[in-house]
Amino acid sequence: MALPQPKLQIRPHSQERRRHQRVVVNLLGRYMLADRREYPCQVVNMSPGGIALIAPMAGNVGDRVIAYIDHLSRLEGKIARHLPNGFAMTIAATLRKRDKLAAQLTWLANRSILNLPEDRRHGRSVPQNPAARLILPNQTNVGVRIIDLSLSGAGIAATQRPDIGSIVSLGNISGRVVRHLEEGFAIEFTRLQHPDSVEENAMAQ
């Protein structure tokens, strides 16, 4: 479920003292504060060195925070400052991981510029054997049928439909439920899959 998007009041570039160029994005996720409480969030802009989040709760400046963001997986850092509708956090990462984040952000920015549909960025196909196993948010393992599959997501036919925003696992691939279908639901993978292994990972028992 998308959170409301009030206008962020971000300081001018000269006051930010940013070392990395920020990219405007619209990514959902969740984060955990130092007291281990978790909340949903929405990333509105980020760089390889920091993130601005719309969030319902902020910890203290300097507190450790762990964020799990769609497409970007786990990111760890500290709360840098509070915003009127959330907070900004730093990203603690190696140089190699920062380079990877920069590449992912470039891809996300290009996707936005090209106005590519969120769930149709990659060609979809129907696996030869569509039977698969899905782990629901309560850790129940159920049998499902894959309606279609791409590098970024899948359509699932199932009798149970988890809530939108729920984290599930299709075989060995983690994803988030993004919408309900007449016969099931659609999930978007948390990481872009490789074309040589996506079907094998999705079918893993």
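In case you missed it, the structure is sitting above this.
Residues numbered from 1 in each chain as written. Predicted model: local features only at pLDDT ≥ 70, side-chain atom pairs only at ≥ 80, totals over all residues. Heavy atoms only, no water.

A. Just the overall build of the protein, in detail. In terms of helices and strands, the protein carries three helices and twelve strands. A total of 205 residues make up the protein; the buried ones form 45% of that total. Within the protein, contacts between residues separated by at least 24 positions form 55% of all contacts whose residues are at least 6 apart in sequence. As displayed, the protein has an accessible area near 11,300 Å², and 50% of this comes from carbon and sulfur atoms. (Helix = DSSP H or I, 4+ residues; strand = E, 2+ residues; numbered from the N terminus. Buried < 20%, exposed > 50% of the residue type's maximum accessible area, 1.4 Å probe, protein only. Contact = heavy atoms within 4.5 Å. Areas by Shrake-Rupley, 256 points an atom, 1.4 Å probe, with all protein chains shown as cover.)

B. Quick peek at the sheet that holds strand E1 (residues 23–32). Strands sit in the order E1-E2-E3-E6-E5-E4 around a closed barrel of six strands; the barrel is antiparallel. For this sheet, the mean inter-axis angle between neighbouring strands, taken without regard to orientation, is 45 degrees. Summarising the sheet, strand E5 (residues 73–83) and strand E6 (residues 86–90) pair through four bridges and their orientation is antiparallel. Looking across to E6, one finds that Leu 83 is bridged to Gly 86. (Pairing = 2+ DSSP bridges. Axes fitted to C-alpha atoms, helices over the stretch in contact; angles between N-to-C directions.)

C. Local environment of the nonpolar core. Counting residues in each nonpolar core, the largest one holds 25 residues, and the members touching the most others are Tyr 31 and Met 46. Counting residues per element, the ones that place at least two in this core are E1, strand E2 (38–47), strand E3 (50–54), strand E4 (64–69), E5, E6 and helix H2 (95–114). Among the nonpolar cores identified, the runner-up in size contains 21 residues, and Ala 132, Ile 146, Val 168 and Val 177 belong to it. (Core = buried A, V, L, I, M, F, W, Y, C linked by side-chain atoms within 4.5 Å.)

D. The pairing of strand E7 (residues 131–135), seen in detail. Judged by which residues are buried, E7 turns out to be one-sided: Ala 132 and Leu 134 face inward and are buried, whereas Ala 131, Arg 133 and Ile 135, on the alternate face, are not. The pairing of E7 with strand E8 (residues 141–149) spans five bridges and is classified as antiparallel. Bridge pairing links Ala 131 to Arg 145 in E8. The turn joining E7 and E8, which pair antiparallel and follow one another in sequence, is formed by five residues; a positive phi near 75 degrees is taken by Gln 139.

E. View of the pairing of E1. In this sheet, E2 lies alongside E1 in antiparallel orientation, the contact comprising eight bridges. Bridge pairing links Met 32 to Glu 38 in E2. Counted between consecutive antiparallel strands, the loop separating E1 from E2 contains five residues, among which Arg 36 sits at a positive phi close to 75 degrees. Relative to E4, E1 runs antiparallel, the two being bridged by four bridges.

F. Fine view of a positive patch on the surface. Residues Arg 96, Lys 97, Lys 100 and Arg 191 make up a contiguous surface patch of positive charge. Classification of Lys 97 by relative accessible area gives partly exposed; the value is 34%. (Patch = residues over 30% accessible without salt bridge, like charges linked within 9 Å, V, L, I, M, F, W, Y side chains within 5 Å. Salt bridge = Lys/Arg side-chain N within 4 Å of Asp/Glu carboxyl O. Lys, Arg positive; Asp, Glu negative; His and termini not counted. Charge placed at Lys NZ, Arg CZ, Asp CG, Glu CD.)

G. Spatial organisation of the sheet that holds strand E10 (residues 167–170). Read once around its circumference, the closed barrel built from six strands follows the order E7-E8-E9-E12-E11-E10, with strand pairing classed as antiparallel. Adjacent strand axes in the sheet meet at a mean angle of 45 degrees when their direction is disregarded.

H. Fine view of the environment of Ile 51. In this fold, Ile 51 is placed in strand E3. Note on Ile 51: relative accessible area 0%, which makes it buried. Once residues lying within four places of it in the same chain are set aside, the contact partners of Ile 51 are Arg 22, Val 43, Asn 45, Met 46, Leu 75, Phe 87, Ala 88, Met 89 and Ile 91.

I. Looking closely at the environment of Pro 127. As for its position among the elements, Pro 127 is in the loop between H2 and E7. For Pro 127 and Ile 147, which are 20 residues apart along the polypeptide, the C-alpha to C-alpha distance reads 8.3 Å.

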